[in-house]
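# Understanding the architecture of this molecule
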Amino acid sequence: MKSSQRIPWSEFSQWGHERSYVLDALDSTWVSGGVYNKRLEEAFENNLHLPHVLTVSNGTSALQLAFLGLGIKPGDEVIVPGFGFMAAANVLLQMNALPVFADVSKENWCLDPTILPGLVSSKTKAIVAIHNYGVAENIDAFTSFARNHNLILIEDCAESIFTKYRGQYCGTFGDVSTFSLHATKTISSGEGGVVGCSDLHLFNKMRLIRSHGLGREQVHYWHEQYGNNFRLSNVLAAIGLAQLEMHEKIIHEKQRVYRHYVKNLSDVKNITFQGYSKNCDPVIWAIAIKINFSGLNITRDGLLEHLLGSGIECRPGFYTPEQMPLYKKYCTSTLDVANKIASHVIVLPSHASLQNAQIDYICEKLVTAIS
């Protein structure tokens, strides 16, 4: 490929009926609520084996709705991985609850279950398991620990839709699961999210909170409890439904992209892919690699800048709360593994429409830069 061509880190693609569904939603005049929300919820329930599903405005709203529905209160503590996107921590702090940051496994970069016993206090109410980059590990350990300590387990599946653990879809293990349909995600509606649960009482409570606490079947403007507006628009739900209908094709292409990177880079010195066990059948959302920069003539940030100069947009790994002043005061335990991973990870372009020739070019420029 030509070196002048820019390869974006993420790119939205249409796979099926996105355009026709959006036009149908517009023509229906139901641009806020509408039938596509219901159809998207039913499609999630059927395809991911989730008993009860609510569409929401984004993945962060999904987490906040889950926390509110579960009754997380000011002063409550919730265990959160020290490596991962900070959405859960942000919501908890806005609710005056406390994220308790836990270290992660050096193999799979997800929450380390062996750390949990030392983090539980009388204020601990829940555990958030983030399935980083599409890898889901140790879920049986989390469910067992949560049950034995009377804690709630929340699965943050923003990056792991259709990943399986022991043959079962992630999102079906916890008390509540949350998903993101952001423009960069495997299944996208541009902006959007989903909350899933098995408890009907919790589902009905979250459905009320999602729409101002209004029980519309009774009388208009009658608030049954405190609520918010976390609703997803009908237009965006139409996009999400069209994408979900084509999930098999999208996942096939995501797997192709991942396999081609592995083919090109698995034997390269100083490069390690995120690990996962035989229990996990991942749909990798973003291809993150760990690079041993010791002895190299380039730093992590220098490599990102170098690749951008070659037209390749990459991202760093997630920064840990210990590395960011905003969160550092809330770090009460060591995050040694998370810090080491965060400082050595870059995330390569991973979208499903990426061509093999583009991947070859990315790998060529990457390997040359670290050689």
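Look up: the structure comes first, before these words.
Structural notes, computed from the coordinates.

Cut-offs used in this document
Residues numbered from 1 in each chain as written. Predicted model: local features only at pLDDT ≥ 70, side-chain atom pairs only at ≥ 80, totals over all residues. Heavy atoms only, no water. Helix = DSSP H or I, 4+ residues; strand = E, 2+ residues; numbered from the N terminus. Contact = heavy atoms within 4.5 Å. Disulfide = S-S within 2.5 Å. Buried < 20%, exposed > 50% of the residue type's maximum accessible area, 1.4 Å probe, protein only. Polar contact = N/O pair within 3.5 Å; in protein donor to acceptor, adjacent residues only side chain to side chain. Pairing = 2+ DSSP bridges. Axes fitted to C-alpha atoms, helices over the stretch in contact; angles between N-to-C directions.

### What about the side chain of His 247?
- Residue placement: His 247 occurs in helix α8 (residues 247–265).
- In this structure, His 247 is in contact with Asn 47, Phe 162 and Ile 187, ignoring residues within four places of it in sequence.

### Details of the state of the cysteines
- Throughout the structure, instances matching the rule amount to zero disulfides.
- Here Cys 157 stays free of any disulfide, with the sulfur of Cys 170 as its closest cysteine sulfur at 4.0 Å.
- Judged by relative accessible area, Cys 157 falls into the buried class, the value being 1%.
- A relative accessible area of 1% places Cys 170 in the buried class.

### Thoughts on the side chain of Asn 37
- Residue placement: Asn 37 occurs in helix α2 (residues 35–48).
- Here Leu 232 takes part through its backbone oxygen, which lies 3.0 Å from a polar atom of the side chain of Asn 37.
- Setting aside residues no more than four positions away along its own chain, Asn 37 makes contact with Ser 32, Thr 55, Leu 232, Ser 233, Asn 234 and Ala 237.

### A closer look at the sheet that holds strand β13 (residues 315–316)
- If you walk across this open sheet you meet the four strands as β10-β12-β14-β13, and the pairing is antiparallel. The open sheet has two edge strands, β10 (271–273) and β13, and neither has a second partner.
- The pairing of strand β12 (residues 287–291) with strand β14 (residues 345–348) spans four bridges and is antiparallel. Bridge pairing in β14 places Lys 290 opposite Val 345.
- In the packing of helix α11 (residues 336–344) onto the sheet, contacts are made with β12 and β14, and the angle to β14 comes to roughly 50°.

### A closer look at the pairing of strand β9 (residues 193–197)
- Most of β9 sits inside the fold, with five of its five residues counted as buried.
- Judged from the five bridges that link them, strand β1 (residues 52–56) and β9 form a sheet pairing that is antiparallel. Each residue of the ladder has a partner; that of Val 53, found in β9, is Gly 196.
- In terms of strand pairing, strand β8 (residues 176–180) meets β9 through five bridges, oriented antiparallel. When the bridges of β9 are listed, Thr 178 appears paired with Val 195.

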